[in-house]
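Chain by chain, the residues:
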Amino acid sequence: MHRILFTGGTISGGSIYGALDDTQYGQLSITGEQIIARNPYLLNNTQLAVSNWTTKSDGSTGTNDALVMNMTRFAHDALCSEDSDIDGAVYTHGTNSLEETAFLMDSLVNCGKPIVGSGSMRPWTHLGFEGDANFFDAVTLAASPESRDRGLMVAFNARIIPGYWVTKLHSTNPNAFGPTAGGDLGIFINSLPVFFNTPSQPLYKYYFDIDTVSNHKTYPALPKVDIHYAAREFDGKVVLDSQANGAEGVIIAGTGNGGVPTGQAEITEAMKKGLQVVVGTRSPYGPSSPSRVPTFAKSGFVHVIQARIMLQLAIASGMNMNQTIDVFEGGFRKAIGQPWSPGS
């Protein structure tokens, strides 16, 4: 048995403007059950049960951290409980935030069973709709015994992409997703998964405890963390503004290798008041490397979008700034010969 977590998105959206429209859709919709019914071969691979995570009153998985956290808790309990009869899960998702849900679930659901994310870039009314193929691939991937112990994966455009590293790299092209580090895990041939390597996990991946996160005062929401984009004449006051608006943490998409060109005084002031700060890179590839003596955390190879979720989970786990620095930097520092501990 495999569980389908249906959240809507482009894969379920249709357009009243004809079979060429792939930008103004959304007036029509289909359900998770209808997506399954479109492909009669699906049930040759596994039994499927649909859980509906769409809502009219509480936003969507693209706008609501609490909804995604509740879905993640549901997936964890369904897959990881001692009496679970669920072998894996597939979640459909709008592509604008598919990567955020991938990283969150990958950080919290770690009992070896596969979770696969998928969606589409074109509505089901489009003549080039790729959602049926992506969804079929996702199901065969989740059903494959070879998928165990690989973490969350994303099935998109006949590619198998690691959920920890996946990022949307193109705004409209069907080949929209790719990893910011590490490369693809495999491909689909005849809609069956072909892996390149034996199962493995990202070397510096931190496994957060879902029970600890669930006990945080904000649950099911996550602590408020904002992202700011650095450029010449970066105004550090935006960091103070975030803190004044209730943020417990801030991610800065820094220049180059995690640089913050200006605004250090305001960042320091905010941190003295308890704000946690992580600096990544606005570059699509490459690390934000640790400083020899850290003032704030550097995100390493974790992209800024994923770094936001990682910081939310660190704060929800009760970590202070020094502990957060170690979560983001510890393994990276060891690899490059720059160990650090508070007071050193």
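Here the structure is shown first, and the text comes after it.
A.B. asks: Pulling in residues and values, what's your account of the nonpolar core?
C.D. replies: Generally speaking, a soluble globular protein has its nonpolar side chains buried in company with each other. The biggest cluster of nonpolar side chains holds 47 residues, and the ones touching the most others in it are Ile252 and Ile267. Counting residues per element, this core draws most heavily on helix 8 (residues 304-316), which supplies nine residues. The residues touching Ile252, leaving out its near neighbours within four places in the chain, are His228, Ala230, Phe234, Val239, Val260, Ile267, Val277, Val278, Val279, Gly280 and Val304. Counting 23 residues, the second largest nonpolar core, distinct from the first, contains Ile35, Leu42, Val139 and Ile160.

A.B. asks: How would you explain the sheet that holds strand 4 (residues 48-52) if you had to name every residue and give the values?
C.D. replies: Taken together, eight strands build an open sheet; the order of strands is 4-1-5-6-7-8-11-12 and the sheet is mixed. Here the strands that pair on one side only, and so sit at the sheet edges, are strand 4 and strand 12 (192-195). Put simply, the sheet's adjacent strands are angled 25 degrees from each other on average, direction ignored. Summarising the sheet, strand 5 (residues 88-92) and strand 6 (residues 115-118) pair through four bridges and their orientation is parallel.

A.B. asks: Go over the environment of Val90 with me, naming the residues and quoting the values.
C.D. replies: Its place among the elements puts Val90 in strand 5. Val90 gets classed as buried once you look at its relative accessible area, which sits at 2%. Taking the C-alpha atoms as reference points, Val90 and Gly300, separated by 210 residues in sequence, lie 29 Å from one another. Val90 has contacts with Arg3, Ile4, Leu5, Val116, Phe135, Ala138, Val139 and Ala142, leaving out every residue within four places of it along the chain.

A.B. asks: Lay out the side chain of Thr324 with the relevant residues and their values.
C.D. replies: Mapped onto the elements, Thr324 comes out in helix 9 (residues 321-336). Side-chain polar atoms of Thr324 contact the side chain of Gln276, separated by 2.6 Å. Setting aside anything within four residues of it in sequence, one finds Thr324 in contact with Gln276, Val278, Ala297, Leu311, Ala314 and Met319.

A.B. asks: An account of the sheet that holds strand 13 (residues 225-229) is needed here, citing residue identities and associated values.
C.D. replies: Taken in spatial order, the four strands of this open sheet run 13-14-15-16, and their pairing is parallel. Of all strands in the sheet, those with a lone pairing partner are strand 13 and strand 16 (297-298), marking the two edges. Here helix 6 (residues 237-244) sits on the sheet in contact with strand 13 and strand 14 (249-254), set at roughly 165 degrees to strand 13.

A.B. asks: Describe helix 4 (residues 131-143), listing the residues and the values that go with them.
C.D. replies: Taking 1.5 Å per residue, 13 residues should reach 18 Å; helix 4 reaches 18 Å between its end C-alpha atoms and fits that length. Within helix 4, 10 of the 13 residues are buried, which leaves it mostly tucked inside the rest of the structure. Here helix 4 has its buried residues at Gly131, Asn134, Phe135, Phe136, Asp137, Ala138, Val139, Thr140, Leu141 and Ala142.

A.B. asks: Requested: an account of the state of the cysteines, with residues and values cited.
C.D. replies: A full pass over the atoms with the stated rule returns one disulfide. Here Cys80 is linked by a disulfide to Cys111, with a sulfur-sulfur distance of 2.2 Å. Measuring handedness by torsion sign, the sulfur bridge of Cys80 and Cys111 sits at about -75 degrees and is left-handed. On the criterion of sequence distance, the pair formed by Cys80 in helix 2 (residues 65-80) and Cys111 in the loop between helix 3 (98-108) and strand 6 is long-range, its members being 31 residues apart. Using a relative accessible area of 25% as the deciding quantity, one classes Cys80 as partly exposed. Taking the relative accessible area as the measure of exposure, Cys111 reaches 29% and is therefore partly exposed.

A.B. asks: Could you give an account of the packing of aromatic side chains, naming the residues involved and the relevant values?
C.D. replies: Within the structure shown, the criterion is met by seven aromatic pairs. Pairwise contacts between aromatic rings join Phe103, Tyr164 and Trp165 into one cluster. Arg150 extends its terminal NZ or CZ atom over the ring of Phe195, reaching a point 3.6 Å from the ring centre.

A.B. asks: Quick one: what's the story with helix 2, residue by residue and with numbers?
C.D. replies: Over its 16 residues, helix 2 runs 22 Å from end to end, which matches the ideal 22 Å to within 8%, given 1.5 Å per residue. Every buried residue belonging to helix 2 is among Ala66, Leu67, Val68, Met69, Met71, Thr72, Arg73, Ala75, His76, Ala78 and Leu79, and all of these are buried. Looking at the buried positions of helix 2, the neighbouring elements they touch are strand 1 (2-6), strand 5, helix 3, strand 6 and helix 5 (210-214).

A.B. asks: Give a detailed account of a negative patch on the surface, specifying residues and quantitative values.
C.D. replies: A grouping of Glu82, Asp83, Asp85 and Asp87 is seen on the molecular surface, where their side chains present a negatively charged patch. Residue placement: Asp87 occurs in the loop between helix 2 and strand 5.

A.B. asks: Report on the pattern of salt bridges, specifying residues and quantitative values.
C.D. replies: For side chains of opposite charge, pairing can occur when their charged atoms come near one another. For the structure shown, the criterion picks out 10 salt bridges. Between Asp132 and Arg38 there is a salt bridge; the shortest N-O distance is 3.0 Å. Of this pair, Asp132 sits in helix 4 while Arg38 is found in the loop between helix 1 (32-37) and strand 4, placing the two residues 94 residues apart along the sequence. We classify Asp132 as partly exposed; its relative accessible area is 22%. You can call Arg38 partly exposed: its relative accessible area is 37%. Here Arg308 ties to Asp65 by a salt bridge, and the two come within 3.1 Å at their closest N and O atoms. Here Arg308, found in helix 8, pairs with Asp65, found in helix 2; they are 243 residues apart in sequence, far enough to count as distant. Assessed through its relative accessible area of 17%, Arg308 is described here as buried.

How each quantity is defined
- Residues numbered from 1 in each chain as written.
- Predicted model: local features only at pLDDT ≥ 70, side-chain atom pairs only at ≥ 80, totals over all residues.
- Heavy atoms only, no water.
- Core = buried A, V, L, I, M, F, W, Y, C linked by side-chain atoms within 4.5 Å.
- Buried < 20%, exposed > 50% of the residue type's maximum accessible area, 1.4 Å probe, protein only.
- Helix = DSSP H or I, 4+ residues; strand = E, 2+ residues; numbered from the N terminus.
- Contact = heavy atoms within 4.5 Å.
- Pairing = 2+ DSSP bridges.
- Axes fitted to C-alpha atoms, helices over the stretch in contact; angles between N-to-C directions.
- Polar contact = N/O pair within 3.5 Å; in protein donor to acceptor, adjacent residues only side chain to side chain.
- Expected span 1.5 Å × (residues − 1).
- Disulfide = S-S within 2.5 Å.
- Phe/Tyr/Trp six-rings, centres within 6.5 Å; stacked < 30°, edge-to-face > 60°.
- Lys NZ or Arg CZ within 6 Å of the ring centre and 35° of its normal.
- Patch = residues over 30% accessible without salt bridge, like charges linked within 9 Å, V, L, I, M, F, W, Y side chains within 5 Å.
- Areas by Shrake-Rupley, 256 points an atom, 1.4 Å probe, with all protein chains shown as cover.
- Salt bridge = Lys/Arg side-chain N within 4 Å of Asp/Glu carboxyl O.
- Lys, Arg positive; Asp, Glu negative; His and termini not counted.
- Charge placed at Lys NZ, Arg CZ, Asp CG, Glu CD.

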